[in-house]
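# Analysis of the macromolecular model
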Amino acid sequence: MDEKELLKAAQIIKNGGLVAFPTETVYGLGANALSADAVAKIYTAKGRPSRNPIIVHVASIDQAKSLVSSWSETADKLAEKFWPGPLTMILPKASMVPDIVTGGGQTVALRMPSHPIAQRLIELAEVPIAAPSANVSGRVSSTTAQHVRDGLGEAVDMILDGGPTEAGIESTVIDLSVEPPVIRRPGPIAREELEKILSFELRASSEDKGGTLVSPGMMQSHYAPKTRLMLVTSDELQATGLRLQASGKKVGLLPLMDEPQLYAAQLYAILHRFDAQNLDIILVEEPPREPQWEAVRDRLVRAAAER
Ligand code: TXA
Ligand code: MG
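Please read these numbers as outputs of a predicted model, since none were measured by experiment. Numbering of residues begins from 1 in every chain and follows the order in which that chain's sequence is written. Here the convention is simple: chains get letters from A, ligands get numbers from 1, in the order in which they are written. This being a predicted model, a pLDDT of at least 70 is required before a residue's local features are given, and a value of 80 or more before pairs of side-chain atoms are given or counted; all residues contribute to the totals for chains, interfaces and linings. The basis for every side-chain value is the complete set of non-hydrogen atoms in the structure, without hydrogens or water.

### Let's talk about the sheet that holds strand β12 (residues 281–285)
Strands were regarded as paired on the criterion that DSSP finds at least two bridges between them. Counting from the N terminus, the helices are DSSP H or I runs at least four residues long and the strands are E runs at least two residues long. An order of β10-β12-β11 is seen for the three strands of this open sheet, with the pairing classed as parallel. Each edge of the sheet is formed by a strand with only one pairing partner; in this case those strands are β10 (229–232) and β11 (251–254). Sheet twist, expressed as the mean angle between neighbouring strand axes with direction ignored, is 20 degrees. With four bridges joining them, β10 and β12 adopt parallel strand pairing. Paired with V232 across the strands is E285, a residue of β12. To get an axis, a line is fitted to the C-alpha atoms, and for a helix only the part in contact is used. The angle between two axes follows their N-to-C directions and goes from 0 to 180 degrees.

### Examining the site of ligand 1
Here a residue counts as near a molecule or strand whenever at least one of its heavy atoms sits within 4 Å of it. Near ligand 1, the surroundings consist of 19 residues, among which T25, N52, H57, S133 and S171 are the closest. Within the side chain of T25, a nitrogen or oxygen atom sits 2.6 Å from an oxygen atom of ligand 1. Whenever a nitrogen or oxygen atom comes within 3.5 Å of another N or O atom, the pair is scored as a polar contact, on the condition that within protein one atom can donate a hydrogen and the other can accept it, and that pairs from neighbouring residues in sequence are kept only if both atoms are in side chains. Residue H57 places a side-chain N or O atom 2.6 Å away from an oxygen atom belonging to ligand 1. Protein burial of ligand 1: of its 680 Å² of free accessible surface, 86% is covered by the chains. Polarity classes work like this: nonpolar for Ala, Val, Leu, Ile, Met, Phe, Trp, Tyr, Cys and Pro, charged for Asp, Glu, Lys and Arg, and polar for all others, with Gly in that last group. The residue makeup of the shell around ligand 1, split by class, is eight nonpolar, seven polar and four charged. Surface accessibility follows the Shrake-Rupley procedure with a 1.4 Å probe radius. Residue values consider only the protein chains on display as shielding.

### Re helix α8 (residues 234–246)
Every α-helix winds through 3.6 residues per turn, so residues three or four apart in the chain are directed the same way. To estimate the expected span of a helix, subtract one from its residue number and multiply by 1.5 Å. An ideal rise of 1.5 Å per residue puts 18 Å on 13 residues; α8 measures up with 19 Å between its terminal C-alpha atoms. Among the residues making up α8, those that are buried are L237, T240, G241 and L244. Along the axis of α8, the buried residues cluster in a sector spanning 110 degrees; they form a single face. Of the exposed residues in α8, those oriented more than 90 degrees away from the buried face are D235, L242, R243 and A246. A contact between two residues is defined here by any heavy atoms of the two lying within 4.5 Å. Packing partners of the buried residues in α8 comprise β10, β11 and β12. Each residue is placed in one exposure class: buried if its accessible area under a 1.4 Å probe, protein chains only, is under 20% of its type's maximum, exposed if it is over 50%, and partly exposed if it falls in between. The directions from the helix axis to the C-beta atoms are what the arc is built from.

### Some details on the pairing of strand β8 (residues 172–175)
Side chains T172 and I174 project from β8 onto one buried face, and the interleaved V173 and D175 project onto a second face that is buried too. Bridge count for strand β4 (residues 87–92) against β8 is four bridges, and the pairing is parallel. Directly across from I90, in β8, lies its bridge partner D175. Here three bridges tie β8 to strand β9 (residues 182–185), and the two strands are oriented antiparallel to one another. Considered in β9, the bridge of V173 is made with R185.

### Concerning the environment of L194
Among the secondary structure elements, L194 is positioned in helix α7 (residues 191–198). The class for L194 is buried, based on a relative accessible area of 0%. Separated by 112 residues in the primary sequence, L194 and F82 have C-alpha atoms spaced 9.0 Å apart. Contacts of L194, omitting those with residues within four sequence positions, involve L78, F82, L87, T172, I174, I183, I189 and L202.

### What to know about the side chain of E195
By the secondary structure assignment, E195 is in helix α7. Polar side-chain contacts of E195 include one of 2.7 Å to the backbone nitrogen of L202. Setting aside residues up to four positions removed in sequence, E195 forms contacts with F200, E201 and L202.

### Overview of helix α10 (residues 294–303)
Here α10 lies mainly inside the structure; ten of its ten residues are buried. All of the buried residues in α10 are E294, A295, V296, R297, D298, R299, L300, V301, R302 and A303. Summarising the contacts, the buried residues of α10 are in contact with β9, α7, β10, α9 (260–276) and β12.

### Re the pattern of salt bridges
Pairing is possible between side chains that carry opposite charge, provided their charged atoms lie close to one another. We define a salt bridge as a contact between a side-chain nitrogen of Lys or Arg and a carboxyl oxygen of Asp or Glu at a distance within 4 Å. Enumeration according to the criterion identifies eleven salt bridges in this entry. Between R297 and E286 there is a salt bridge, and its shortest N-O distance comes to 3.1 Å. Highlighted residues: R297 in helix α10 and E286 in the loop between β12 and α10, separated in sequence by eleven residues. Through salt bridges with shared partners, a single network forms among E170, D298, R299 and R302.

Written as structure tokens, this is what we have:
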């Protein structure tokens, strides 16, 4: 991308505006993390509940350290191994981080993205950038600039188009402000990879001890297309699909793929496409309860949750 465009985007951030930008996970909706007024615009644009905190994106470990009141040895190890990349770490916040960024809480979520456009934007803006996924609150995240335009349109001052994002699902979020640390959101960096570095077992907050997801009814709907979405077995996918079609319903069918990473990379684009087709229902084959499917399962279970 042309440096002039990046300079223009950085200037918008400095002036308190909103810039959507690609990361290696999904597109972010960015504002100056140190300006409460700028961050307030993010909540308005997304219709995001004010108690839902926002991840702060940094260009260096030093910048991350400036935003916390204490940095730990564990944070050091994880940053060294996984930054820049799709890992978000929650730590006690420094007083310079406005309350609006943390939803009023005492912790801040930090991430150093590896996408060159995201990195360069943060460097040129010379401030950390608060950025949730660039979508209407509760809806499917954006993996292309067009998804951002369709969802947020006029509310964004500028969209940096870096093509489709690579991972396709949001970063892994690990909470280091509690002992022992907990995975708050499974993502592209699998639990086992984190455990190798930490040398102890991690538990996802969304799972019970048996490794199964908490009842979907207990979960807030999130990552959800406008169209109703149901998880079904592979047999049901065909049978229920045919039955609904025979009764005149327009049905979207999403079978499982072999490779979880490829599936994750395409999932949101497929859901956005289904949503544009005015279907009655989307039937998705339920991914197996296996570690490599954990992040995708988490998103689909929430997408299928009662609203
Ligand atoms: O990959 C990603 O993480 C993308 C890209 C743009 O970086 N961002 C993203 O942000 O997914 P968002 O806001 O859509 O999801 C962030 C999640 C939310 O569930 C939020 O509640 C949680 O992280 N979170 C943020 N700050 C937190 C904090 N201080 N404590 C606990 N949870 C936090
Ligand atoms: Mg989001």
